[in-house]
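If you want the building blocks of each chain, they are given just below.
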Amino acid sequence: MPAALTKVCGHCGKTKPLSDFYHNSTKSDYHNGICAKCQLEVNKQNKK
Ligand SMILES: [Zn+2]
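Residues numbered from 1 in each chain as written. Predicted model: local features only at pLDDT ≥ 70, side-chain atom pairs only at ≥ 80, totals over all residues. Heavy atoms only, no water.

### Brief notes about the overall build of the protein chain
Phase 1: What the protein chain contains, in helices and strands, is 1 helix and 2 strands.
Phase 2: Structurally, the protein chain occupies a C-alpha span of about 45 × 20 × 15 Å along its principal axes.
Phase 3: Counting all 48 residues of the protein chain, 27% fall into the buried class.
Phase 4: The contacts of the protein chain with a sequence gap of at least 6 include a subset with a gap of at least 24, amounting to 22%.
Phase 5: As displayed, the protein chain offers around 3,900 Å² of accessible surface, 54% of which is attributable to carbon and sulfur atoms. (Helix = DSSP H or I, 4+ residues; strand = E, 2+ residues; numbered from the N terminus. Buried < 20%, exposed > 50% of the residue type's maximum accessible area, 1.4 Å probe, protein only. Contact = heavy atoms within 4.5 Å. Areas by Shrake-Rupley, 256 points an atom, 1.4 Å probe, with all protein chains shown as cover.)

Right, dumping it as structure tokens:
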């Protein structure tokens with residue numbers, strides 16, 4: 001079994017599989033810097 005591709009979330013600091021990050025073609029690695037769970041929280045906080 002190949003090693004899972006992981007990324008450290010820039011928000012919660014946890015190592016998560018890339019599948020937990022939203023795809024983002026504007027990022028150098030094509031994934032958001034924070035995981036989907038944190039993304040939802042940040043979106044909520046940014047909402048006015
Ligand atoms: Zn996170």
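After that view of the structure, there is still more to cover.
### Digging into the coordination of the zinc ion
Phase 1: Around the zinc ion, the donor atoms from the protein are C9 (SG), C12 (SG), C35 (SG) and C38 (SG), and they sit 2.3 to 2.4 Å away.
Phase 2: Read in sequence order, the donor residues for the zinc ion give the motif C-x2-C-x22-C-x2-C.
Phase 3: Using a relative accessible area of 34% as the deciding quantity, one classes C12 as partly exposed. (Donors = N, O, S within 2.8 Å, 3.2 Å for Na, K, Ca; no water.)

### What about the side chain of K16?
Phase 1: Along the polypeptide, K16 turns up in strand β2 (residues 15-17).
Phase 2: For the buried residue K16, which engages in no salt bridge, the nearest side chain bearing the opposite charge is D20, 4.4 Å off.
Phase 3: Discounting chain neighbours no more than four positions away, the residues touching K16 are L5, T6, K7, F21 and C35. (Lys, Arg positive; Asp, Glu negative; His and termini not counted. Salt bridge = Lys/Arg side-chain N within 4 Å of Asp/Glu carboxyl O.)

### Quick look at unusual backbone geometry
Phase 1: Even without a glycine there, the phi angle at Y30 is positive, about 65°.
Phase 2: With respect to the helices, strands and loops of the structure, Y30 is situated in the loop between β2 and α1 (36-46).

### Details of the packing of aromatic side chains
Phase 1: Taken as a whole and judged by the stated rule, the model has 0 aromatic pairs.
Phase 2: The positively charged end of K7 is found above the aromatic ring belonging to F21, 5.8 Å away from the centroid. (Phe/Tyr/Trp six-rings, centres within 6.5 Å; stacked < 30°, edge-to-face > 60°. Lys NZ or Arg CZ within 6 Å of the ring centre and 35° of its normal.)

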